[in-house]
Amino acid sequence: MSYGLIFILAIIIYFNRYFFLEPKVAIRLPKFIERMLSFSAPCLLSVICVPIIFFDGDAGLREISTNAYLYAAIFGCLLMFKVKNVLWNMVGSVTFFYLLLFLIIPNI
């Protein structure tokens, strides 16, 4: 994925969240649409992350038994329910990923 595409997606998310959810903007949307817009960032983040987790570039699908990305994503989801803090969830997930990548999976 190119940096240009990531930058464009970031602009779209920022525009949607700022322009439609900012209280100072005179445009009022129905509550249903405001609630849908609040899910735009997690949805786009999922679209960006899923190919990274499951695909290995031109080689195709990653092997499940040695897929550190998949195990770290599952660990991050489980940790999210327990910790409820974005910063600690990120630190824990990244630490778990690198432990898998450098210590456990190379030995398999």
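The shown structure was predicted, so the numbers you read here are calculated from the model rather than taken from an experiment.

Student: Please explain the overall build of the protein as it appears in this structure.
Tutor: A tally of regular secondary structure across the protein gives five helices and zero strands. Along the protein, helices (α) and strands (β) appear in the sequence α-α-α-α-α when read from the amino end. Its C-alpha atoms give the protein a radius of gyration of 18 Å, clearly above 13 Å, the size a compact globule of 108 residues would have. The dimensions of the protein, computed from C-alpha atoms along their principal axes, are 60 × 35 × 20 Å.

Student: Hey, could you run me through the environment of E22 in this one?
Tutor: Topologically, E22 is positioned in the loop between α1 (3–21) and α2 (31–37). Taking the relative accessible area as the measure of exposure, E22 reaches 22% and is therefore partly exposed. Dropping the residues within four chain positions of it, E22 is found in contact with R17 and R28.

Student: What am I meant to see in the packing of aromatic side chains here?
Tutor: Aromatic rings considered in pairs are described by the distance between their centres and by the relative angle of their planes. If you walk through the whole model with that rule in mind, you get four aromatic pairs. Ring geometry for F75 versus F96: centroids 4.2 Å apart, planes at 20 degrees, classification stacked. Linking F75 in helix α4 (residues 68–83) with F96 in helix α5 (residues 86–104), this pair joins segments that are 21 residues apart in sequence. A relative accessible area of 26% means that F96 is categorised as partly exposed. Taking 5.7 Å as the distance between ring centres and 5 degrees as the angle between the ring planes, the aromatic pair formed by Y98 and F102 counts as stacked. Here F102 and Y98 lie together in helix α5, a separation of four residues that amounts to about one turn. Look at Y98 and you get partly exposed, because its relative accessible area is 42%. Here F102 falls in the exposed class, since its relative accessible area comes to 57%. Among the aromatic residues, those joined into a cluster by ring pairs are Y69, F97, Y98 and F102.

Student: Can you walk me through the layout of surface pockets in this structure?
Tutor: Empty space left among the atoms is revealed by rolling a probe the size of a water molecule over them. Size it by volume and the largest pocket reaches roughly 810 Å³. Every residue lining the largest pocket is counted, 21 residues in all, and those nearest its centre are L45, C49, A73, G76 and N89. Residue assignment for the lining of the largest pocket shows that the elements contributing at least two residues are α3 (40–54), α4 and α5. The element best represented in the lining of the largest pocket is α3, accounting for seven residues. For the lining of the largest pocket, the residue count by class is 15 nonpolar, five polar and one charged.

Cut-offs and rules
- Residues numbered from 1 in each chain as written.
- Predicted model: local features only at pLDDT ≥ 70, side-chain atom pairs only at ≥ 80, totals over all residues.
- Heavy atoms only, no water.
- Helix = DSSP H or I, 4+ residues; strand = E, 2+ residues; numbered from the N terminus.
- Rg over C-alpha atoms; globule rule 2.2 N^0.38 Å.
- Buried < 20%, exposed > 50% of the residue type's maximum accessible area, 1.4 Å probe, protein only.
- Contact = heavy atoms within 4.5 Å.
- Phe/Tyr/Trp six-rings, centres within 6.5 Å; stacked < 30°, edge-to-face > 60°.
- 1 Å grid on protein atoms, 1.4 Å probe; cavity = no way out; pocket = protein on both sides within 12 Å on 5 of 7 lines; lining within 4 Å.
- Points joined across faces, edges and corners; volume = space filled by probe spheres on them.
- Nonpolar A, V, L, I, M, F, W, Y, C, P; charged D, E, K, R; others polar.

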